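The residues making up each chain are set out below.
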Amino acid sequence: EAGVAQSPRYKIIEKRQSVAFWCNPISGHATLYWYQQILGQGPKLLIQFQNNGVVDDSQLPKDRFSAERLKGVDSTLKIQPAKLEDSAVYLCASSRSAGHSGNTIYFGEGSWLTVV
Amino acid sequence: DAKTTQPPSMDCAEGRAANLPCNHSTISGNEYVYWYRQIHSQGPQYIIHGLKNNETNEMASLIITEDRKSSTLILPHATLRDTAVYYCIVRNSGNTPLVFGKGTRLSVIA
């Protein structure tokens, strides 16, 4: 079974530029998560999707971050304009729908962003 | 906020068992204990989870105390490749996301 796929793996941009990250979850996983991990810290949830609907985006800085999952499969996370403090690893994760006892969340390898 | 407490770091000799403790004194009856690890430059990797019974898989064993207020992850024969940050997380069986704390940085020493 293929895992969670993310791209690009690494990206360097200047501040005030824009960047987009793509995620393809595990086949059949209805729930998709985007996390941000700043160096030395644990991952922090940005947004959670159930199919193509947003479940929780309370931690997403909506003035500059946006995310979509239009067809309920792939997802894109965009940052515009980027700030220096956005330098982090952006992790995508997925899981099966609620109702599965102890449904496990699986992570991709992450997209490393450096803003200079 | 994370509902677990873990030591910030631990060392383990290669080939020996690594026992990683976790306190979760406020765990609710429907919450599972999950363990993940993160090797440098990689995404978090699922290890094991349990509700109240001890669990074992090909990677590790999970021992949960009878009152469920603490647990221990056991790597039976640690190797250098087990060097990573280990996260203990409590989570219910629904669609709630994982809330990460700071984890335990395990260093396996040759």
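Below you will find a few notes about this structure. What you see is a predicted model, and the numbers here were worked out from it, not measured in a lab. (Residues numbered from 1 in each chain as written. Chains lettered and ligands numbered in written order. Predicted model: local features only at pLDDT ≥ 70, side-chain atom pairs only at ≥ 80, totals over all residues. Heavy atoms only, no water.)

**Remarks on the interface of chain A and chain B**
Our working rule: Whether two residues touch is decided by their heavy atoms; if any such pair falls within 4.5 Å, the residues are in contact. Salt bridges are defined by distance alone: a side-chain nitrogen of Lys or Arg within 4 Å of a carboxyl oxygen of Asp or Glu. N or O atoms within 3.5 Å of each other form a polar contact, as long as, within protein, one can give a hydrogen and the other can take it, and as long as residues adjacent in sequence are counted only when both atoms are side-chain atoms. Every helix listed is a DSSP run of H or I at least four residues long, and every strand listed is a run of E at least two residues long, numbered separately from the N terminus. Gly falls in the polar group here, along with every residue not listed as nonpolar (Ala, Val, Leu, Ile, Met, Phe, Trp, Tyr, Cys, Pro) or charged (Asp, Glu, Lys, Arg).
The partner chain B presents 20 residues to the 28 residues of chain A that form the contact. Applying the counting rule to chain A against chain B returns 0 salt bridges. Seen at the junction of chain A and chain B, the total is 11 residue pairs in polar contact (both at pLDDT 80 or more). The element that contributes the greatest number of residues to the side of chain A that touches chain B is strand β4 (residues 31–37) of chain A, accounting for 4 residues. For the side of chain A that touches chain B, the residue count by class is 10 nonpolar, 15 polar and 3 charged.

**Describing the pairing of strand β3 (residues 19–24) of chain A**
For a regular strand, the rule is simple: side chains alternate between the two faces of the sheet. All names here are of chain A. Note the threshold: Burial classes follow relative accessibility: with a 1.4 Å probe on protein chains only, a residue under 20% of its type's maximum area counts as buried, one over 50% as exposed, and anything between as partly exposed. By this definition, two strands are paired if DSSP reports at least two bridges between them.
The side-chain alternation of β3 yields one buried face, formed by Val 19, Phe 21 and Cys 23, and one unburied face, formed by Ala 20, Trp 22 and Asn 24. Strand direction decides the pairing type here: strand β1 (residues 5–7) and β3, joined by 3 bridges, are antiparallel. Residue pairing across strands places Ala 5 opposite Asn 24, the latter belonging to β3. Bridge analysis of β3 against strand β8 (residues 75–79) gives 5 bridges, and the strand direction is antiparallel. By the bridge assignment for β8, Ala 20 is matched with Lys 78.

**Considerations on the pattern of salt bridges**
Evaluation of the coordinates by the stated rule reveals 5 salt bridges over all chains. When the shortest N-O distance is used, the salt bridge between Glu 109 of chain A and Arg 9 of chain A registers 3.8 Å. Of this pair, Glu 109 of chain A sits in the loop between β10 (106–107) and β11 (111–115) while Arg 9 of chain A sits in the loop between β1 and β2 (10–13); the two residues are 100 residues apart in sequence, bridging distant segments of the chain. With relative accessibility at 37%, the residue Glu 109 of chain A sits in the partly exposed group. Classification of Arg 9 of chain A by relative accessible area gives partly exposed; the value is 26%. For Arg 37 of chain B, the salt bridge is made with Asp 82 of chain B, and the minimal N-O distance between the two is 2.8 Å. In this pair, Arg 37 of chain B sits in strand β3 (residues 31–38) while Asp 82 of chain B sits in the loop between β7 (70–75) and β8 (84–92), placing the two residues 45 residues apart along the sequence. Of the two residues, Arg 37 of chain B and Asp 82 of chain B, both sit in the buried class.

**Some points on the sheet that holds β7 of chain B**
The pairing of strands in a sheet comes from backbone hydrogen bonds and takes either a parallel or an antiparallel form. With respect to topology, 4 strands assemble into an open sheet ordered β2-β7-β6-β5 (chain B), the strand pairing being antiparallel. With partners counted over all chains shown, the strands left at the sheet margins are β2 (18–23) and β5 (55–56) of chain B, one partner each.

**Side note on the state of the cysteines**
Residue and element names in this part refer to chain B. Here is the rule we go by: In this description, the term disulfide denotes a pair of cysteine sulfurs within 2.5 Å.
Per the counting criterion, the structure on display carries 2 disulfides over all chains. Note on cysteine connectivity: Cys 22 is disulfide-linked to Cys 88, with sulfurs 2.1 Å apart. Disulfide Cys 22-Cys 88: the torsion about the S-S bond is -80°, which places it as left-handed. With a gap of 66 residues between them, Cys 22 in strand β2 and Cys 88 in strand β8 connect regions that are remote in the sequence. You can call Cys 88 buried: its relative accessible area is 1%. Left without a disulfide partner, Cys 12 is nearest to the cysteine sulfur of Cys 22, which lies 18 Å away.

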